[in-house]
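Residue strings, one per chain:
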Amino acid sequence: MIGYIKGSFHPMPDGTVIIENSSGIGFLVSMPAGSSVYKMPEGSEVKVFTYMQVREDDISLYGFMDKEDLELFQLLITVKGIGAKAGITIMSSMPSSELKKALASGDVAFLSKAQGVGKKTAERLVLELKDKVGIFVENMGDEPIPLDDIPGDPRSEAVSALVSLGYSRNEAASAVSKAKGEGLTVEDYIKQALKSL
């Protein structure tokens, strides 16, 4: 299994990219259309997290600029009827944050807008992934509470701090989402969250 590739970025006419490593080997990688890699100048040094699919007649690499997108892709392809190509197509149709939000809130109509996703497939995605996407939607807004570390995000840092105290990430994120007030610091989020845990 290839976990990630570091090297120079070269876009291909068909939408795939080649990542050439220091040994001069160029790996052909399929990436979502909206990936930030496409905004970089050709030849830029990149680190791409990869998923390798091995089939009887094909070996393919699918790449993502961060681990969270890779994990979301791996969740998508656990759903019956969603293969790697369909997973990339779905992730090319919308930003990852919107896709996670739609899955968490059960927004079948929004998911159905993705290329190749009908109503039944969207319903299956929600049914199987709603509890696995790793975000919670705040009661007072639509902004998700991230379960993964995001430097500078006080909510994310508060979740991490609570996890280090022994709470699960789900418990911590749920408690942090209930904190009220504007301009809260990490400490404020933690204090309020502890009251509800």
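This is a predicted model, so every value here is computed, not measured.

Structural notes on the overall build of the chain
So, point 1. Secondary structure assignment for the chain yields eight helices and seven strands.
So, point 2. Each of the 197 residues in the chain was classed as buried or not, and the buried ones make up 40%.
So, point 3. In the chain, 44% of the contacts between residues at least 6 apart in sequence involve partners at least 24 apart.
So, point 4. For the chain, the computed accessible surface area is about 11000 Å², with 51% contributed by carbon and sulfur atoms.

Digging into helix 1 (residues 67-76)
So, point 1. Within the span of helix 1, buried status applies to Asp69, Leu70, Leu72, Phe73 and Leu76. Angular distribution of buried residues about the axis of helix 1 spans 160°; they occupy a single face of the element.
So, point 2. Among the structural elements, strand 4 (45-55), strand 5 (58-64), helix 2 (84-93), helix 3 (96-105) and helix 5 (119-129) are those in contact with the buried residues of helix 1.
So, point 3. A distance of 3.3 Å separates the backbone nitrogen of Glu68 from a side-chain oxygen at the start of helix 1, and that oxygen is part of Asp66.

Comments concerning helix 5
So, point 1. Here helix 5 has its buried residues at Thr121, Ala122, Leu125, Val126 and Leu129. Taken down its axis, helix 5 places every buried residue within 140° of arc, on the same side. Away from its buried face, by an angle of more than 90 degrees, helix 5 presents the exposed residues Lys119, Lys120 and Leu127.

A few points about the packing of helix 6 (residues 154-164) against helix 8 (residues 186-196)
So, point 1. Between helix 6 and helix 8, whose axes approach to 8 Å, the crossing angle comes to 50°. The orientation of helix 6 with respect to helix 8, classified from their angle, is oblique. Considering how the two elements wind past one another, helix 6 and helix 8 form a crossing that is right-handed. Facing Pro154, Arg155, Glu157, Ala158, Ala161 and Leu162 of helix 6, the residues of helix 8 in contact are Val186, Tyr189, Ile190, Ala193 and Leu194.
So, point 2. By residue class, the composition of the contact of helix 6 with helix 8 is nine nonpolar, no polar and two charged.

Focus on a nonpolar patch on the surface
So, point 1. On the surface, a cluster of nonpolar side chains totalling about 260 Å² of accessible area is made up of Leu165, Leu194 and Leu197.
So, point 2. By the element assignment, Leu194 lies in helix 8.
So, point 3. For Leu194, a relative accessible area of 36% gives the class partly exposed.

Description of the pairing of strand 1 (residues 4-11)
So, point 1. Pairing analysis gives five bridges linking strand 1 to strand 4, with the strands arranged antiparallel. Across the sheet, residue Tyr4 finds its bridge partner in strand 4, namely Phe49.
So, point 2. Examined bridge by bridge, strand 1 and strand 2 (residues 17-20) share four bridges and lie antiparallel to one another. Bridge pairing in strand 2 places Pro11 opposite Val17.
So, point 3. The turn joining strand 1 and strand 2, which pair antiparallel and follow one another in sequence, is formed by five residues; a positive phi near 95° is taken by Gly15.

Remarks on the environment of Phe110
So, point 1. Inspection of the secondary structure assignment puts Phe110 in helix 4 (residues 108-111).
So, point 2. Along the primary structure Phe110 and Glu98 are separated by twelve residues, whereas in three dimensions their C-alpha atoms are 9.2 Å apart.
So, point 3. Setting aside its immediate chain neighbours within four residues, Phe110 contacts Met94, Glu98 and Ala102.

How each quantity is defined
Residues numbered from 1 in each chain as written. Predicted model: local features only at pLDDT ≥ 70, side-chain atom pairs only at ≥ 80, totals over all residues. Heavy atoms only, no water. Helix = DSSP H or I, 4+ residues; strand = E, 2+ residues; numbered from the N terminus. Buried < 20%, exposed > 50% of the residue type's maximum accessible area, 1.4 Å probe, protein only. Contact = heavy atoms within 4.5 Å. Areas by Shrake-Rupley, 256 points an atom, 1.4 Å probe, with all protein chains shown as cover. Arc of directions from axis to C-beta. Polar contact = N/O pair within 3.5 Å; in protein donor to acceptor, adjacent residues only side chain to side chain. Axes fitted to C-alpha atoms, helices over the stretch in contact; angles between N-to-C directions. Parallel < 35°, antiparallel > 145°, perpendicular 65-115°, else oblique. Left-handed = near helix turned anticlockwise from the far one by under 90°. Nonpolar A, V, L, I, M, F, W, Y, C, P; charged D, E, K, R; others polar. Patch = residues over 30% accessible without salt bridge, like charges linked within 9 Å, V, L, I, M, F, W, Y side chains within 5 Å. Salt bridge = Lys/Arg side-chain N within 4 Å of Asp/Glu carboxyl O. Pairing = 2+ DSSP bridges.

Read these as layout, nothing more, since geometry by itself doesn't imply function.
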